Amino acid sequence: SDLGRVAHTLARALSGVSKKTTERRTTMAAATTTSPEAQKELLLAARIQEQVGWNWRLDVPLGEFQGVSVNDAGLVVGLDFSEQKGLEFNLAVLAPLTSLQVVNFRNCEKATGDIELLKGMELASLNLYYCRELTGDIEVFKGMQIKELNLMQCYELKGNIEVFK
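Residues numbered from 1 in each chain as written. Predicted model: local features only at pLDDT ≥ 70, side-chain atom pairs only at ≥ 80, totals over all residues. Heavy atoms only, no water.

J.: How should the overall build of the protein be read in this particular structure?
T.: Secondary structure assignment for the protein yields five helices and nine strands. Helices and strands in the protein line up, N terminus first, as α-α-α-α-β-β-β-α-β-β-β-β-β-β. For the protein, buried positions account for 48% of its 165 residues. Sequence-distant contacts, at least 24 apart, represent 39% of the contacts inside the protein between residues at least 6 apart. (Helix = DSSP H or I, 4+ residues; strand = E, 2+ residues; numbered from the N terminus. Buried < 20%, exposed > 50% of the residue type's maximum accessible area, 1.4 Å probe, protein only. Contact = heavy atoms within 4.5 Å.)

J.: Honestly, the nonpolar core in this entry has me stumped. Any pointers?
T.: As a rule of thumb, soluble globular proteins bury nonpolar side chains together. Phe81, Leu94, Phe105, Ile115 and Phe141 are the most contacted members of the largest nonpolar core, which has 45 residues in total. Breaking this core down by element, the ones donating at least two residues are α3 (36-45), α4 (48-52), β2 (76-80) and α5 (91-94). For this core, the leading source of residues is α5, giving four residues. If we ignore the near neighbours within four places in the chain, the residues touching Phe141 are Ile115, Leu118, Leu126, Ile146, Leu149, Leu151 and Phe164. (Core = buried A, V, L, I, M, F, W, Y, C linked by side-chain atoms within 4.5 Å.)

J.: Would you take a moment to explain empty space enclosed by the protein for this structure?
T.: Regions of empty space are outlined by a rolling probe, equal in size to a water molecule, passed over the atoms. All chains considered together, the criterion is met by one cavity of 30 Å³ or more. Here the largest cavity is characterised by a volume of approximately 40 Å³. What lines the largest cavity is Leu91, Leu94, Ala95, Leu100, Val103, Phe105, Leu118 and Met121. Considering only residue class, the lining of the largest cavity consists of eight nonpolar, no polar and no charged. (1 Å grid on protein atoms, 1.4 Å probe; cavity = no way out; pocket = protein on both sides within 12 Å on 5 of 7 lines; lining within 4 Å. Points joined across faces, edges and corners; volume = space filled by probe spheres on them. Nonpolar A, V, L, I, M, F, W, Y, C, P; charged D, E, K, R; others polar.)

J.: Please clarify how unusual backbone geometry should be interpreted in this entry.
T.: Keep in mind that most residues, glycine aside, have a negative phi and that most peptide bonds are trans. Phi is positive for Arg47, close to 60°, though the residue is something other than glycine. In this fold, Arg47 is placed in the loop between α3 and α4. When its relative accessible area of 48% is taken as the criterion, Arg47 is described as partly exposed. Despite not being glycine, Tyr130 has its phi angle at roughly 65°, a positive value. As for its placement among the helices and strands, Tyr130 is situated in the loop between β6 (125-127) and β7 (134-137).

Right, here's the structure in full:
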């Protein structure tokens, strides 16, 4: 089932397997998350709701999930996990949500992963303020049409700010 494949992908991504293996499995999961149902299964498998006490369930429409915005087709276009300081997740979990446009992870201190996983998304707004454990080179954002970008206090990110000129 799609949920089984997504759950397997998430488990591998979170277990510290090599970056190459994680990317390969994330790519496999991306192929299964082009429908609202598959995106809902992916979010539920990530178990984010259990960490923050949100009422995400299979019988609740995806557009009614707290912290989630959807477009007219029902696909996830926004995630707002702001101020969820205890929330632990790896960006690899969310990378298959290629429809994302607005991401607010402000103060998600325990978020991990390489920002390279955001490459190719059509992000318009990205707030990673105080996501201290995220890694990677900000050059990944070069050429993206991001209108709002907050990388303050992201101590593990590297790169030259000149890429945005």
